[in-house]
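Close look at the chain arrangement
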Amino acid sequence: LHSGAVPPNTGASVRLSFPQGVHPDVTVQPGEWSIGSASDNRVVLKADGIQPHHAQIVVDPRGYTLFVQTPEAQTHVNARPVREKAILRLGDVVSLNAINLVLKPDYDETVSANRPGAASGAEPTMQTPPKAVLRGVAGPYFGKVVHIQGRLTIGTGAGCDLVLDEPAMAEKHATIEVIGTEILMRDHGSDDGCWVNGVAVKDAQLFTGDQIAFDSNRFLIEAPGMPVRKAEVKPEGGAAAPAAPPEPKRPVEFTQTMRAIPQQGAAPGQAAAPAPAARPQPQPQPQPQPQSQSRPAAQGAPARTPALKTPTRSPQPQPAKGFNPWWLLVAAAVIAGAIAFAMIGSR
């Protein structure tokens, strides 16, 4: 949605402002910020047409990126539809169905306080090629480039350098001048002024990468080699920026082994919930053994305790009762002696 000629403003944080008053302003720090009607989003919007997980804004050193979470989510940036993702800049208007939110600096004073001083008498000079241009990002001038040749007058009058057909604009609304290394915008007594990075101003000092808006017409300041807007600091005496809501805790699923596992999408490094104590498993009951058929015990006789069966070894062969192996030896000796005498007598 934006030209890549000028990198987006990559401040440490950005403020989501809701001009319709449906939600307090939220200062988002680097990270992922989900928006939707479900309670597990970091920014919860309860309104018709807002999907449970409508969109996500990612803030990182490269800038701000909008991701559409579901195909049914109606999402626009500066009145242009977004299907999947879009690069955002300060001053962009993101429409989630009928709810609008504006990306603004943490403090409006960082823009409104940079007002140009009284005219020093220095006249802007014709510059070839021009040091600064306006690139249209929304409205009839979308995709077009308007050169700032020293001075650029903006209004509805035919004599203006940039004629914008907006009912709320004056015939001679404002002038943008490039003097040295400064880009200055001065109002000519209009009722509404204009918007710079989402902040309503009349006179302001502009920097490369700033977005200025006159009703539905939006332009980016592109001035390669010229100063950029400094990182934001809290102005003295300024109100504290709204605190960012904590990231909601995600529900926990349990498997059959009773291990706590965070649901998909849980924040990295988040500790898993402790597993609940396992329920005691029922012990198997002993099966009744079939009783041998026996005669019932006589009435009054003590009940016999059935003897436990113990494993028995295989029977070993035992010698017959009354047999003595010594008699076998004696008989053998007598027979041997008789045979010896018989042999001697025959000689």
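Note that this is a predicted model, so its numbers are computed, not measured.

With mixed pairing, the 5 strands of this open sheet are ordered in space as β15-β14-β16-β17-β20. In this open sheet, the two edge strands, each paired with only one partner strand, are β15 (162–163) and β20 (204–206). Where strand β17 (residues 182–187) meets β20, 3 bridges bridge the pair, whose relative direction is antiparallel. Across the sheet, Met-185 pairs through a bridge with Ala-204, a residue of β20.

On to the pairing of strand β14 (residues 151–155). In terms of residue burial, β14 counts as a mostly covered element, since 4 of its 5 residues are buried. Two strands pair when backbone bridges link them, and β14 and strand β16 (residues 174–179) are joined in this way by 4 bridges, in the antiparallel orientation. In the strand pairing of β16, Leu-152 is matched with Ile-176. Direction of pairing for β14 relative to β15: parallel, over a ladder of 2 bridges. Among the inter-strand pairings, Gly-155 is bridged to a residue of β15, identified as Val-163.

This brings us to the pattern of salt bridges. When charged atoms on two side chains of opposite charge get close, those side chains can pair. Considering all chains together, one arrives at 8 salt bridges under this definition. Taking the shortest distance from any N to any O, the salt bridge between Asp-108 and Arg-15 comes out at 2.6 Å. Of this pair, Asp-108 sits in the loop between β11 (99–104) and α1 (109–112) while Arg-15 sits in strand β1 (residues 14–17), and the two are 93 residues apart along the sequence. The closest approach of N and O atoms between Arg-151 and Glu-177, which form a salt bridge, is 3.0 Å. One end of the pair, Arg-151, is in strand β14; the other, Glu-177, is in strand β16, and 26 residues separate them in sequence.

Of all the 7 residues making up strand β12 (residues 132–138), 6 are buried; the element is thus mostly covered by neighbouring parts of the structure. Of the pairings in the sheet, the one linking β12 to strand β13 (residues 145–148) comprises 4 bridges and is antiparallel in character. Paired with Val-133 across the strands is His-147, a residue of β13. With antiparallel pairing between neighbouring strands as the criterion, β12 and β13 make up a hairpin whose turn holds 6 residues, including Gly-139 at a positive phi of roughly 95°. Both β12 and strand β22 (residues 217–222) contribute to a ladder of 5 bridges, which runs antiparallel.

Bringing the side chain of Arg-229 into the picture now. Positionally, Arg-229 belongs in the loop between β22 and β23 (252–254). On the accessibility criterion, Arg-229 (16% relative accessible area) is buried. Here the side chain of Arg-229 touches Gln-205 through a polar contact of 3.4 Å, landing on its backbone oxygen. For Arg-229, the side chain forms a polar contact with the side chain of Asp-210, separated by 2.6 Å.

What counts, and at which threshold
Residues numbered from 1 in each chain as written. Predicted model: local features only at pLDDT ≥ 70, side-chain atom pairs only at ≥ 80, totals over all residues. Heavy atoms only, no water. Pairing = 2+ DSSP bridges. Helix = DSSP H or I, 4+ residues; strand = E, 2+ residues; numbered from the N terminus. Buried < 20%, exposed > 50% of the residue type's maximum accessible area, 1.4 Å probe, protein only. Salt bridge = Lys/Arg side-chain N within 4 Å of Asp/Glu carboxyl O. Polar contact = N/O pair within 3.5 Å; in protein donor to acceptor, adjacent residues only side chain to side chain.

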